[in-house]
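Summary of the model geometry
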Amino acid sequence: ILVFALIAAAIPTTTTTSVSAIVYEGLSGEHQGGNMGQSQDQSESISMLERGAVAMGFNQSKISHQFKSTPSGGEISITALNNNDTETIKQIKNHISIIQKEFSSGNFTKPFYIHEQDVPDTKIMGEKKDFIKYTINEIDNGSTLILETKDKELLGAIHQFMAFQGTEHQGH
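All values reported here derive from a predicted model rather than from experimental measurement. (Residues numbered from 1 in each chain as written. Predicted model: local features only at pLDDT ≥ 70, side-chain atom pairs only at ≥ 80, totals over all residues. Heavy atoms only, no water.)

Across its full length, the protein chain carries five helices and six strands. Helices (α) and strands (β) of the protein chain occur, in sequence order from the N terminus, as β-β-α-β-β-α-α-α-β-β-α. Within the protein chain, counting contacts between residues at least 6 apart in sequence, those at least 24 apart form 61% of the total. Approximately 9100 Å² of the protein chain is accessible, and the part contributed by carbon and sulfur atoms is 49%. (Helix = DSSP H or I, 4+ residues; strand = E, 2+ residues; numbered from the N terminus. Contact = heavy atoms within 4.5 Å. Areas by Shrake-Rupley, 256 points an atom, 1.4 Å probe, with all protein chains shown as cover.)

In regions of low pLDDT, the predicted coordinates are not meant to be interpreted in detail. Here the protein chain shows a mean pLDDT of 73. Residues at 70 or above account for 60%. Low pLDDT, under 50, characterises residues 1-39; the stretch is placed with 73 contacts to residues that sit more than four places away or in other chains. (pLDDT = per-residue confidence, 0-100.)

Attention now goes to the packing of aromatic side chains. Inspection of every chain in the model, using the stated rule, returns four aromatic pairs. Ring geometry for Phe 103 against Tyr 134: centres 6.2 Å apart, planes inclined by 65°, an arrangement best described as edge-to-face. On the criterion of sequence distance, the pair formed by Phe 103 in helix H2 (residues 86-104) and Tyr 134 in strand E5 (residues 133-139) is long-range, its members being 31 residues apart. What links up through ring pairs into an aromatic cluster is the set Phe 103, Phe 108, Tyr 134 and Phe 161. (Phe/Tyr/Trp six-rings, centres within 6.5 Å; stacked < 30°, edge-to-face > 60°.)

Formed by 24 residues in total, the largest nonpolar core has its most connected members in Ile 76, Phe 103, Met 125, Tyr 134, Leu 145 and Leu 147. Those elements that provide at least two residues to this core are strand E3 (63-70), strand E4 (73-80), H2, helix H4 (122-127), strand E6 (142-148) and helix H5 (152-168). When near neighbours in sequence (up to four residues on either side) are disregarded, Met 125 contacts Phe 108, Ile 132, Tyr 134, Leu 147, Leu 154, Ala 157, Ile 158 and Phe 161. (Core = buried A, V, L, I, M, F, W, Y, C linked by side-chain atoms within 4.5 Å. Buried < 20%, exposed > 50% of the residue type's maximum accessible area, 1.4 Å probe, protein only.)

A separate point is the side chain of Thr 122. Residue position: Thr 122 is located in helix H4. In contact with Thr 122, other than residues within four places in its own chain, are Phe 108 and Phe 161.

This part covers the sheet that holds E6. Here we have four strands laid out as an open sheet, ordered E3-E4-E6-E5, and antiparallel in their pairing. Of all the strands in the sheet, the pair left with one neighbour each is E3 and E5. Going from strand to strand, the sheet's axes swing by 15° on average, the running direction of each strand aside. Pairing between E5 and E6: seven bridges, direction antiparallel. (Pairing = 2+ DSSP bridges. Axes fitted to C-alpha atoms, helices over the stretch in contact; angles between N-to-C directions.)

The pairing of E3 with E4 spans eight bridges and is antiparallel. Along E4, the bridge assignment pairs Ile 63 with Ala 80. Where E3 folds back onto E4 in an antiparallel hairpin, the turn is made up of two residues.

It is worth spelling out the pattern of salt bridges at this point. Using the criterion set out here, one finds four salt bridges in the structure. Salt-bridge contacts for Lys 128 lead to Glu 153; the nearest nitrogen and oxygen are separated by 2.9 Å. Placement of the pair is Lys 128 in the loop between H4 and E5 and Glu 153 in helix H5, with a sequence separation of 25 residues. For Glu 153, a relative accessible area of 48% gives the class partly exposed. Via salt bridges that share partners, Lys 128, Asp 151 and Glu 153 belong to a single interconnected network. (Salt bridge = Lys/Arg side-chain N within 4 Å of Asp/Glu carboxyl O.)

Below, the structure is given as structure tokens:
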């Protein structure tokens, strides 16, 4: 089993979060002993998962992440793969609550940090933050953040955001 440790002193966000160590087990079971033999895409994917765990507060190999465009905006759903994993479920619900507050205030630093690039249409979503309604739907094994708008420009931006995120987080 491949084990990675990531030490983070700070996460680029307005919310104070401290993470001293996060250990990942089984992110890439076919490789043992380091990144030797991994393709560039595999290394980038593992790096993104490591940054995601720091920013989100849970092991990315224990969750499913879905991004869906809807007629009125979009949905970000995160669920624990194990319905009995109460710790991960608690961490998911906490993360969704935090990003609801951050996104509502126009703060999209977590997606930028996780993907190491500007995430499509977060600029317009930040500029027009008052025209997006963010609602949390709690589910048994996770949580969903629902984004809704009546603004046509924002609707397109939310759909681009969801498409990018869905592609980037494909497979987990």
